[in-house]
Amino acid sequence: MQRVTSPCEYDISRKDAYTLSNYNNEVIKTMSSGRILTWKHTLFLILLLIIGIALTFPALYLLKRTQTVLTEETQSKAVDIAHTVSSFLEMDIGNYRKLSETESLTEKNELWDYYQKTNGLMQSIKKKADATFIYTIRYRDDQTLGYVLDGEDPETDLFSPHGSTDEMNSIELLAFQTEQPMASDVIRAPGWGLFLTGYSPIIDNRDGTMVGLVGVDYSADFLWERLKLITRILIISFGLITLVASIAIETLIIIADEKAHTDELTKLGNKRAFNRALKHLHSQATRYKRPYALLLLDIDLFKNINDEYGHPVGDKVLVAVAKAILYASDQEQFCFRYGGDEFAVLIPQAENMQALGVKRMIQEEVRNIIIPELGTQRFAVSIGSKVWNKESSIEDMISEADVNLYKEKRNSASSLS
C-alpha cells in the first residue's frame with residue numbers, strides 16, 4: 001500500500017503530530033504500567049501466595065517425614081555398629097568379662113594389653129562409622145553405669161577411663177533390663193550434649209549372662225546437618241515449583257485474557273477491549289481535560305462482497321482493512337474490530353483537526369487495498385467521528401460517532417469501482 005502524505009491532503013502540523021505522538025506514548029505507557037503491569041504483578045503475587053500456601057503443607061509433611069526417616073536410619077546405623085562391636089567382643093568374652101569385672105586397671109595388670117588393643121580397635125571403628133562416641137558400659141545400679149572401654153583418644157578430655165562412672169539414663173536401664181538391642185531418640189546427656197544412641201548387649205554365651213552394653217552415640221548435630229541439607233533442597237525445590245507454577249498459570253491466564261480481548265480474524269482488539277480502552281481514555285480526559293477522538297468505521301457495500309464472492313473473500317477484505325487502519329493510525333493499542341464489518345479507532349490527545357487527518361489517512365489506505373479475487377475493484381469506508389468535550393459521556397461519544405457514521409454513509413457517493 002502507498003500512503004499519500006500531501007500537506008494539502010492532511011492538515012496536521014509537525015508540532016501537532018509531535019504532541020499527538022508523545023501523548024499517545026504517554027497514554028500507552030500509563031495504560032501498561034497502571035493497568036496491565038499492575039494487573040500482572042498482582043495476579044503473579046496472588047498466584048505465588050496461593051500456590052505457596054498450598055505447597056507448604058505437603059512440604060512440611062515431607063520435611064517431618066524426612067526427619068523421621070533420617071532419625072530411624074541413624075538409629076538403625078547406631079544399633080548395627082553396636083551389634084558388630086558386641087559380636088566382636090563376644091568372640092573373646094573371657095578377657096572382656098575379666099576386664100569388665102576388674103575394679104582397678106593399671107599398666108601392670110595382665111589385661112592392660114587387651115584393654116589398649118581393644119580401645120584402639122574401637123577408635124578405628126568410630127572413625128570409619130563417623131560416630132561421635134563408641135564405648136562399653138557395665139551395670140552398677142539403677143542410677144549408675146561404669147565405663148569399660150572407650151573409643152576416644154586417651155589424651156583428650158572426652159576419654160572415659162576404665163572404671164569411671166556416669167549417670168544412667170532410662171534407655172540404658174531398659175536395655176540392661178531387657179537385654180535387647182535398642183536405640184534412643186535425640187536426648188540430652190548431662191554434661192555431654194544432645195545425642196541419639198544405639199545399644200547392643202554383650203552376652204557371655206557360656207552361661208547366657210549379660211556382661212554389659214555397647215553404646216554408639218551420634219550427636220544431634222550429625223542428624224541436623226543431614227536434615228539441614230535436605231531442608232535446603234526441599235525449600236529450593238518447592239520454591240522453584242511454586243515460581244514455575246505461578247508463572248505458567250499467570251501466562252495461561254494472560255493469554256486467555258488477551259484472546260478474550262482480541263478479534264480472532266483481524267487480530268485487532270475486540271469490542272470488549274474497545275470498551276475497556278474507551279473507559280480508560282475517557283477517565284484520563286475527564287481528569288486531565290485532555291480531549292480524545294473516537295472514529296467508527298463501516299466498509300461500504302461489504303454485504304455485496306460477501307454475497308457475490310463468499311465469506312472467505314469477505315474475510316480477506318476485513319483483514320486488509322484492519323491492516324490499513326493499523327498502518328494509517330499507527331496505534332495498535334487503539335484499533336478495534338467493533339463487530340461485523342465495523343471498526344473503531346481511538347485517538348488520544350486529539351482535536352477535530354487531528355481526528356480529520358487520521359480519518360482521511362485511513363480512507364486513503366483503504367482505497368489502495370487490492371484483493372486478487374476482486375481484480376481492480378476498490379473499497380471505501382464511511383467514518384463517523386466524535387471529539388470529547390467536558391459534557392460528553394461515554395454513551396454520548398459512541399452514539400454521536402455512530403450517528404455521524406450513518407450520515408456519511410447516506411451522503412457519501414463512494415462505491416466499489
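To start, this report covers the structure provided alongside it. Position numbers for residues count from 1 along each chain, tracking the sequence in the order it is written. Local features in this predicted model are restricted to residues of pLDDT 70 or higher, and side-chain atom pairs are both shown and tallied only at a pLDDT of 80 or more, whereas totals for entire chains, interfaces and linings draw on every residue. To obtain the side-chain values, all non-hydrogen atoms of the structure were included, while hydrogens and water were left out.

### Re the packing of aromatic side chains
Basically, it comes down to this: Aromatic rings from Phe, Tyr and Trp, with only the six-membered ring used for Trp, were paired whenever their centres fell within 6.5 Å, and each pair was classed as stacked if the ring planes differed by under 30 degrees, edge-to-face if by over 60, and tilted otherwise. In DSSP terms, a helix is any run of H or I states spanning at least four residues, a strand is any run of E spanning at least two, and both are numbered starting from the N terminus. Residue burial is assigned from relative accessible area. The probe radius is 1.4 Å, only protein chains are included, and a residue is buried under 20% of its type maximum, exposed over 50%, and partly exposed in between.
Applying the stated criterion across every chain yields a total of 8 aromatic pairs. Seen in terms of ring centroids, W112 and Y115 are 5.7 Å apart; in terms of plane orientation they differ by 45°. Their pairing is tilted. Note that W112 and Y115 are positioned in helix 3 (residues 112–129) at a spacing of 3 residues, about one turn of the helix. A relative accessible area of 3% places Y115 in the buried class.

### A few points about the pairing of strand 6 (residues 193–204)
We apply this condition: Here the rule is simple: two strands pair whenever DSSP picks up at least two bridges between them.
The buried fraction of strand 6 amounts to 11 of the 12 residues, a majority that puts the element mostly inside the structure. One ladder, built from 2 bridges, connects strand 4 (residues 182–183) with strand 6; its direction is antiparallel. By the bridge assignment for strand 6, M182 is matched with Y199. Note that strand 5 (residues 187–189) and strand 6 share 3 bridges and pair antiparallel. Across the sheet, the residue bridging to A189 is G193, located in strand 6. The pairing of strand 6 with strand 7 (residues 209–219) spans 10 bridges and is classified as antiparallel. Opposite I203, over in strand 7, you have M210 as the bridge partner.

### A word on the packing of helix 6 (residues 271–288) against helix 10 (residues 394–411)
Which entries qualify depends on this criterion: Axes, fitted as lines to C-alpha atoms, cover a helix only where it is in contact. Angles between the N-to-C directions of the axes lie from 0 to 180 degrees. To sort the angles, those under 35 degrees are grouped as roughly parallel, those over 145 as roughly antiparallel, those from 65 to 115 as roughly perpendicular, and the leftovers as oblique. In a left-handed crossing the near helix is turned counterclockwise from the far helix by less than a right angle, and in a right-handed crossing that turn is clockwise. The contact criterion used throughout is that any non-hydrogen atoms of two residues lie within 4.5 Å.
Packing of helix 6 against helix 10 brings their axes to within 10 Å, and their N-to-C directions diverge by 120°. Judged on the interaxial angle alone, helix 10 and helix 6 are oblique. Crossing of helix 6 against helix 10: the hand is right-handed. Seen from helix 6, the contacting residues are F274, L278, K279 and H282; seen from helix 10, they are I394, M397 and I398.

### Concerning the pattern of salt bridges
Pairs may arise between side chains of opposite charge once their charged atoms sit close together. So the rule is basically this: In the sections that follow, a salt bridge refers to a side-chain nitrogen of Lys or Arg positioned within 4 Å of a carboxyl oxygen of Asp or Glu.
Tallied over the full model, the rule gives 16 salt bridges. The salt bridge involving D300 is made with K409; its shortest N-O contact spans 3.1 Å. Here the residue D300 occupies a position in the loop between strand 8 (292–299) and helix 7 (302–309), and K409 occupies one in helix 10, the gap between them amounting to 109 residues. Classification of D300 as buried rests on a relative accessible area of 7%. In this structure K409 comes out as partly exposed when scored by relative accessible area, which is 27%.

### Re the sheet that holds strand 10 (residues 342–348)
Spatial ordering of the open sheet is given by 9-10-8-11, a layout of 4 strands whose pairing is antiparallel. Each end of this open sheet is capped by a strand with a single partner; those strands are strand 9 (335–339) and strand 11 (381–387). Strand-to-strand, the axes of this sheet are offset by a mean angle of 25°, without reference to chain direction. Where strand 8 meets strand 10, 7 bridges bridge the pair, whose relative direction is antiparallel. In the sheet register, L296 faces strand 10, and the bridge partner there is A344. Running at roughly 145° to strand 11, helix 10 makes contact with strand 8, strand 9, strand 10 and strand 11 of the sheet.

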